[in-house]
Amino acid sequence: MEPATSSRQRLPDTSALQLTRRRLLGTGLALGLGGFLAACSGGQPNVLASPEGPPQSGGTLRVGLSGGGAADSLDAHSPVSTTDIARVVNLYESLLYRDENYELQPLLAVSATPSDDALVWTVDLRKGVTFHDGRPLTGRDVAATFKRITDPDDPKTGASSLSVLDEVAVINDHRVEFRLNTAAATFDDSLGQYALGIVPEDYDPATPVGTGPFKYQSFTPGRSSLFVRNENYWRDNEPYLDELAILNFDDDDALINALLSTQVDAVGQIPLALLEVIDADPRISILNSETGMWMPFTMRVDKPPFDDNRVRQAFRLAVDREQMIEQVLSGNGSIGNDLYSPFDPGYASKLPQRVQDIARAKELLAEAGYPDGLSVELVTAPIQAGAVEAAQVFAQQAAAAGINVKIRRVDTTTFFGDGYLQWDFAQDFWYTRNFLPQVNNSSLPTAPYNETHWDHPEFNELVAQAKGTLDPDKRNELIAAAQEIEYNEGGYIIWGHPNQADAYQQYVAGLVPNRTGLALSGFEFRRVWLGGDLS
Amino acid sequence: MSVIDSPQDIAREVETPPGLLRRLVRQRQAKIGIALTGVVVLLAVLGPLLLPWATGYTSTQFAGRPFQADGLFGTDNLGRDVLSRFLDGGLRLLIYAALATLLGMVLGGLTGMVAAYQGGWVDSIIMRANDVMLALPQLVFALLAITVLGPQGWVLVVVIGITHAPRIARVTRSATVEVITEDFIRAAEMYAVPKWKILVKDVLPNITGPLMVELGLRMTYSIGAVASLSFLGLGMQPPTADWGLMINENRIALVVQPWGVILPVLAIAVLTVGTNLITDSLARASANVNVGATK
Amino acid sequence: MPIILRRLATSVLILLAVSVLVFVATLLLPGDPAQAILGQQATPERLAALREQMNLNDPVLQRYFSWLGGLFVGDLGISAASGGPVSALLGERIGASLVLLVAASLISLPVGFLVGTYSALRRGRTGDHVTTGVSLVLAALPEFVIGIALITLFSTTVFPILPSVTMAPPGEAVWNYPLQLVLPTLTLVLVVTPYITRMMRATMLEVLDSGYVEMARLKGVPERQVILRHALPHALSPVAQVVAIQLAWMAGGVVVVEFLFRYPGIGQALVDAVANRDVQVVQALSILIAAVYIMVNLLADMVGILTNPKLRTGGTR
């Protein structure tokens, strides 16, 4: 058992380029009751749950999430587990955020504008926002927040994407300037991470004060938290709930049993294999969200046999992607083309979809000097639902191409231990990100999680250019060109993008599909209300 | 993985007249036990041979989407045929449980006999070491060992075997103590027969009764232990078909597609009940020469 | 009594030996505890600082003795995962596990005694056959099998009336939600009772066949009094040993039951701690469980010695 399954998942950040192209969610998704409409621009999102009419106030929402443990914390800037994220999102707010369509929206900021050289970003703050203790939000709080996050002695989660930030200058109570050391055309993206919640100047995580829709009431790490409604929240009418309880679960079956026996009102991330059957229960509704998450196999491009691109390409051709999605995700996912960031406006959608081609894979292996096939060890761990399953399906498929995959299953702590980023052939999991922030994390020689040891001069050059290009069209061309290189030579096998599926009781209203990969509408419980009798 | 040495403790009898097995099979309870165990063992041994002739799939082939009702017992968490996995998954459990029991018997039997025969400080050291092993919580030991060495078959066998050893050693020692005071041992000693020969030729045959009971008891616990560890996720490496692993993999669908759990759970239950019935009858047969005579 | 003192001294030595074993085993755990705490966000500086703070750079022997010294003054160290003292972290957990254990014992002891006695009195008749058969079957089943069967029966499919997982709001104790305790307790009861029943039956049979019971009967003492006054008290002391072993087993073996029902006890804490490489918690819990085992055995030994004059002079166990 690995109860800490999700304790060390890749943190989703919401940094990305501005979305110009809007993708409607697939209509073929199996959804609970009736269809749903993807949120239209600007309008209120449509709700698919059964309670009708205007939102009702009151009640307690009990949310069950798996993951977390004794290390859980309410620190605004160090969320680690899914449960941490859910709590942080409801206590604190960042300047910008990614909405359910993966579009960048203002939150505590009303605007973020770059200078012509993209070296200074001016941010205007929302007026009339107060912290939970009644004090108003000012520019000084913003400056103090970013100072705390980028503290060189104790850098917080969001610091890695803020390496270009020199200082935050307070212009007045409602305006700050972010001064950068390198031009960053998409710096607003970096500000849209939930781990950058604005806190008061004198913030102490022991008294978790923010501007979020809910206020801290009680918290036991690894067990549960209870938050109450923020009466002075800046949005009209929201939040509707009186109380929000977030409960940790160690494993999925306890989570589902709790849902089916109505011990919780909503659960985040149910196993996709169970989606259909849970949906068959008339009391339960399903939230099935298409996302840009990916669960790649990682091949080290600097280690044999994967230092030979023919081997890498052969492995990519050995995968039957449709079957992967069928077996691992029960069909709830979109097909991958060995590329990440599918929602990025620069995504190289023109590249042909790669399909299984065993004959070609064998040819390539023979050319690379393995005419009789080869044996590799695949290191896997339950780092995310479906990871160990994907390894098993891959092993089965690759056998046809003469690749003998020996699965070595380790526990999560071992996986992320000394061997992490060093495994020759392993797996990983990433949430939705746009291309440039993703590359910063995983695909540059300077990236902290460069698990494939990818260092391609031409690719690096294209990325550097794109970072400094303010014109979206030009930038997107550069991104597509960089992606093509990875498509032809990269060390990732990206077979698909799993959907995020959550389940909730019929009487829960206000949840909408969300592309960020965060469960339950990106944990935006401010929108949730309870229908029916609330006695 | 409970650690109970009762109720077979009653059965420590030195004298083992011929016909222990005959007395065993004369009991109705033993017959039921043998039948139950036999069914599961046959299933486990023949299962892999029947594939894919019986179900149309091997145990790693995909039959459909996960947790569907396709086929006789539906599909598992990866869309593999539950029946195929089930048929292919019993032999390993049996083999591992048997090996673990055997290891425990050899370790425990040897140390117990040596402790009793040598006496003195050797006895003291062995028995105190035994006490330490007994005090170390079994599951903590298993958890740590498997986390250190990784979940693999041989680790399971060694871990379970070692946890059995001190209990077997205790039983063996007290049985041996009673035998070595007998005249024929003294006689053998006087003829300067080597110690190991005395142990093997004279002592061992005279303690088979309690040892057989212990064997049955430990086998029951081994099966439970291998399955429990797999249930906790500390068992075999995927994609191996294994009953314990099946329970772990399909537990999330207990409510909706329970066969992936129920089949292996049922088989394990029948198996452990069977071996327990045999053990119980064995204890009776070993304790009482007249068992079964009236039935 | 020297023999009791000797047992006591041996027990302390055994506990010390266990502490060495546990300490060595936790040293061997793969992965760096500091890395395990900080996760992927760890920078080399933070890792080094945390290692220093956790004394991971000290020589092994020094670490062992400082840990052992801490045990004596109730300082179990700092939990790597939560950053708080281990004792605070475990206090609540131990309480929760105790509730489960006490509840299970309070049910299984009387039930075991009663059913065992009943079975013995009805020797060879249908009632005896049924109870013997049922207890033989139950005794053979691994605890998760019983737990899964109960969940299937009472929580999800046939009679969905009982909660299958334990959850209490923060700050509230598990015993405020008695309904959630039913299934985990019942599982433990079904695991433990058969052993007590069988031992009770066997001992009772022996006692009933003994001379003094025969004598009492011959004297014309009413059957009810024969059993209550003469047979039962004599049967209880051998059963104490089995009861002790059962209690000791429960302290270590609730892990599976707690895991199954998400019960916030020590078992779950242990599984968590091993996964998180929370070495201090693993060490504390292992020692705790071992100490309980040794203490309970010591108690049973003493009961045996005190009630049996023959043993007071020593001899084999």
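Residues numbered from 1 in each chain as written. Chains lettered and ligands numbered in written order. Predicted model: local features only at pLDDT ≥ 70, side-chain atom pairs only at ≥ 80, totals over all residues. Heavy atoms only, no water.

Draft legend 1. Broad picture of helix α8 (residues 178–208) of chain C. Residue V192 of chain C marks the point of greatest curvature in α8 of chain C, where the axis turns by about 30°; the proline P194 of chain C follows within four residues. Where burial is concerned, most of α8 of chain C is hidden: 23 out of the 31 residues are buried. (Bend = angle between axes of the 7 residues up to and from the residue. Helix = DSSP H or I, 4+ residues; strand = E, 2+ residues; numbered from the N terminus. Buried < 20%, exposed > 50% of the residue type's maximum accessible area, 1.4 Å probe, protein only.)

Draft legend 2. Just the interface of chain A and chain B, in detail. Contact residues are listed per partner, giving 26 residues for chain A and 27 residues for chain B. Roughly 2,300 Å² is buried in total at the junction of chain A and chain B, and carbon and sulfur atoms are behind 55% of that figure. Linking chain A to chain B there are three residue pairs in polar contact (both at pLDDT 80 or more). Elements that contribute at least two residues to the side of chain A that touches chain B include exactly α4 (252–260), α5 (275–279), α7 (321–329), α9 (387–398) and β16 (403–409) of chain A. (Contact = heavy atoms within 4.5 Å. Buried area = accessible area lost by both parts, 1.4 Å probe. Polar contact = N/O pair within 3.5 Å; in protein donor to acceptor, adjacent residues only side chain to side chain.)

Draft legend 3. Region of interest: a nonpolar patch on the surface. A contiguous nonpolar patch, built from L42, V45, L46, L49, L50 and W53 of chain B and spanning about 660 Å² of accessible area, is present on the exposed surface. Counting through the fold element by element, W53 of chain B comes out in the loop between α2 (28–50) and α3 (82–118). (Patch = residues over 30% accessible without salt bridge, like charges linked within 9 Å, V, L, I, M, F, W, Y side chains within 5 Å. Areas by Shrake-Rupley, 256 points an atom, 1.4 Å probe, with all protein chains shown as cover. Salt bridge = Lys/Arg side-chain N within 4 Å of Asp/Glu carboxyl O.)

Draft legend 4. Representation of empty space enclosed by the protein within the structure. All names here are of chain A. As enumerated under the stated definition, the model contains 13 cavities of 30 Å³ or more in all. Computed from the structure, the second largest cavity encloses a volume of approximately 270 Å³. If you list the elements that add at least two residues to the lining of the second largest cavity, you get α1 (82–91) and β2 (96–98). In terms of residue class, the lining of the second largest cavity is made up of eleven nonpolar, eight polar and five charged. Both domains that meet at the lining of the second largest cavity, namely domain 1 (14–89 + 212–287 + 502–530) and domain 2 (96–196), each give it at least three residues. (1 Å grid on protein atoms, 1.4 Å probe; cavity = no way out; pocket = protein on both sides within 12 Å on 5 of 7 lines; lining within 4 Å. Points joined across faces, edges and corners; volume = space filled by probe spheres on them. Nonpolar A, V, L, I, M, F, W, Y, C, P; charged D, E, K, R; others polar. Domains from an automatic or database assignment.)

Draft legend 5. Helix α4 (residues 60–72) of chain C, seen in detail. Residue and element names in this part refer to chain C. Over its 13 residues, α4 extends 19 Å from the first C-alpha to the last, a length consistent with the 18 Å expected when each residue adds 1.5 Å. Residues of α4 that are buried: R63, Y64, W67, L68 and G70. All buried residues of α4 project into a common sector of 155° when viewed along the axis, lining one side. Exposed and facing more than 90 degrees away from the buried side of α4 are L61, S66 and F72. Looking one or two residues past α4, G74 carries a phi angle of roughly 75°, positive in sign. (Expected span 1.5 Å × (residues − 1). Arc of directions from axis to C-beta.)

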